[in-house]
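Architecture and fold: a report
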Amino acid sequence: MKTGSEDNLENYLSQRRALVEEALERLIPGEENAPSLLFRAMRYSLFAGGKRLRPILCLAGAEAAGGDPASVLPAACALECIHTYSLIHDDLPAMDDDDLRRGKPTCHKVFGEATAILAGDALLTQAFTLLADPRHMPSLPPLTRVKVIAEIGKAAGPFGMVGGQVMDMAPPEGRGEVSFLDAMHRRKTGAMIRVSVVAGAMLCGGDPMTIKALSSYGERIGLAFQIADDILDVTGDPGELGKGTGGDRRLGKVTYPAVMGLEASRRRMADLVDGALTDLEGLDERAHPLRGIAKFIMERKS
Ligand code: GRG
């Protein structure tokens with residue numbers, strides 16, 4: 001699928017989103033399962049209307065590596081489950097204490113804290129069931145499956161997102177450096193974005209050069225995504241974002257605009273996106289969606 005123009009990218013994203021929605025609907029257990037409260041809470045947050053960036057990156061990574069995007073849908077859904085778990089936990093009173101997420105009351109506001117914690121736990125574990133169960137992606141070589149599970153576990157866990165979240169809780173005096181922000185966000189936000197692209201390619205037997213290029217691309221757009229997020233918290237429209245703005249400042253968070261100013265943050269983001277596009281230079285037209293997504297990350301409004 002070509003994504004040369006903005007219209008094409010919009011079409012591409014909405015078609016891919018539809019594929020992901022359909023797969024999530026099919027692969028995530030329904031509310032008829034017991035205990036219904038848990039499945040309701042999991043599905044409430046999962047289907048609250050996210051952009052589905054990580055699963056779409058997984059499909060695009062598969063395509064860039066010459067594979068069939070539809071064949072990696074279970075992994076794409078697993079990535080969205082992990083992401084949704086992280087949002088549920090991040091919104092809890094013990095963390096960011098947010099009332100709105102994806103334009104709706106947060107999970108703990110609707111279901112209570114204990115259920116929200118458990119819904120997050122259940123989404124995380126269900127993600128690894130989706131990845132490991134040989135009924136999903138049945139023709140996948142077992143060693144590839146295990147390697148992908150290990151990569152995703154590393155990105156989600158203490159060496160990735162969870163570690164980054166803990167770094168985010170560090171006292172303010174240690175945090176005012178761009179190098180600290182980069183290190184924290186590479187783990188907190190970037191690791192899951194990077195692994196989404198890489199996992200898609202690995203699952204389709206991508207060659208080492210392609211995986212290396214996609215890994216670097218993913219790392220750069222992961223950081224660009226976070227800078228965009230920080231900028232949107234200052235300049236975004238709460239209606240489009242589906243959550244309030246100015247939260248970073250209220251919580252005393254050290255952000256890119258706070259450390260380097262808005263203009264320098266925008267320049268840094270643009271440089272990262274340029275670098276990500278350079279990473280893709282050796283890949284053919286099957287990497288066009290990834291090129292479009294890199295620009296979308298920089299220009300997004302939500
Ligand atoms: C609780 C272990 C744990 C980790 C939380 C990802 C994360 C770590 C917290 C989210 C906090 C946050 C707002 C980070 C900024 C970047 C980010 C991940 C934004 C939300 O992701 P989107 O924009 O959300 O892809 P949608 O709703 O579109 O899926």
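The rules behind the values
Residues numbered from 1 in each chain as written. Predicted model: local features only at pLDDT ≥ 70, side-chain atom pairs only at ≥ 80, totals over all residues. Heavy atoms only, no water. Helix = DSSP H or I, 4+ residues; strand = E, 2+ residues; numbered from the N terminus. Rg over C-alpha atoms; globule rule 2.2 N^0.38 Å. Buried < 20%, exposed > 50% of the residue type's maximum accessible area, 1.4 Å probe, protein only. Areas by Shrake-Rupley, 256 points an atom, 1.4 Å probe, with all protein chains shown as cover. Lys, Arg positive; Asp, Glu negative; His and termini not counted. Charge placed at Lys NZ, Arg CZ, Asp CG, Glu CD. Core = buried A, V, L, I, M, F, W, Y, C linked by side-chain atoms within 4.5 Å. Contact = heavy atoms within 4.5 Å. Axes fitted to C-alpha atoms, helices over the stretch in contact; angles between N-to-C directions. Parallel < 35°, antiparallel > 145°, perpendicular 65-115°, else oblique. Left-handed = near helix turned anticlockwise from the far one by under 90°. Near = heavy atom within 4 Å. Polar contact = N/O pair within 3.5 Å; in protein donor to acceptor, adjacent residues only side chain to side chain. Nonpolar A, V, L, I, M, F, W, Y, C, P; charged D, E, K, R; others polar. Patch = residues over 30% accessible without salt bridge, like charges linked within 9 Å, V, L, I, M, F, W, Y side chains within 5 Å. Salt bridge = Lys/Arg side-chain N within 4 Å of Asp/Glu carboxyl O.

This brings us to the overall build of the protein chain. Within the protein chain, the secondary structure is distributed over 15 helices and 2 strands. Over its C-alpha trace the protein chain gives a radius of gyration of 18 Å, about what one expects of a compact globule, namely 19 Å for 302 residues. Dimensions of the protein chain, computed from C-alpha atoms along their principal axes, come out at roughly 50 × 50 × 35 Å. Per-residue burial for the protein chain yields a buried fraction of 53% across its 302 residues. If you sum the accessible surface of the protein chain, you get close to 13,300 Å²; carbon and sulfur atoms cover 55% of it. Taking the average location of the 36 positive side-chain charges in the protein chain and that of its 41 negative ones, the two points are 2 Å from each other.

In terms of nonpolar packing, the biggest core is built from 87 residues, with L57, Y217, L290 and I293 touching the most fellow members. Ranked by the residues each element gives to this core, the list is headed by helix α9 (residues 178–203), at 13 residues. Ignoring any residue separated from it by four or fewer positions in sequence, one finds L57 in contact with I193, S196, V197, Y217, I221, L290 and I293.

Across the interface, helix α10 (residues 208–235) lies against helix α15 (residues 288–299) with an axial gap of 9 Å and an inter-helix angle of 20°. As far as their axial angle goes, α15 and α10 are roughly parallel. As for the relative orientation of α10 and α15, their crossing is left-handed in sense. On α15, the residues that touch L214, Y217, I221, A224, F225 and A228 of α10 are L290, I293, A294 and I297.

On to the site of the ligand. Every one of the 20 residues lining the ligand counts as a neighbour, but K51, R54, H83, D90 and R102 are closest to it. K51 is positioned with one of its side-chain polar atoms (N or O) 2.5 Å from an oxygen atom of the ligand. In this structure, R54 approaches the ligand through a side-chain N or O atom, which is 2.8 Å from an oxygen atom. When the ligand sits alone it has 690 Å² of accessible area, and the protein chains cover 92% of it. Only α4 (73–90), α8 (161–168), α9 and α10 provide two or more residues apiece to the shell around the ligand. In terms of residue count, the dominant contributor to the shell around the ligand is α4 (6 residues). Across the shell around the ligand, the residue classes break down as 6 nonpolar, 7 polar and 7 charged.

Turning to a nonpolar patch on the surface, a few remarks are in order. A surface patch of nonpolar side chains, about 280 Å² in accessible area, is lined by V162, V166 and M169. The residue M169 is located in the loop between α8 and α9 in this model. Looking at M169, the relative accessible area reads 60%, which means it is exposed.

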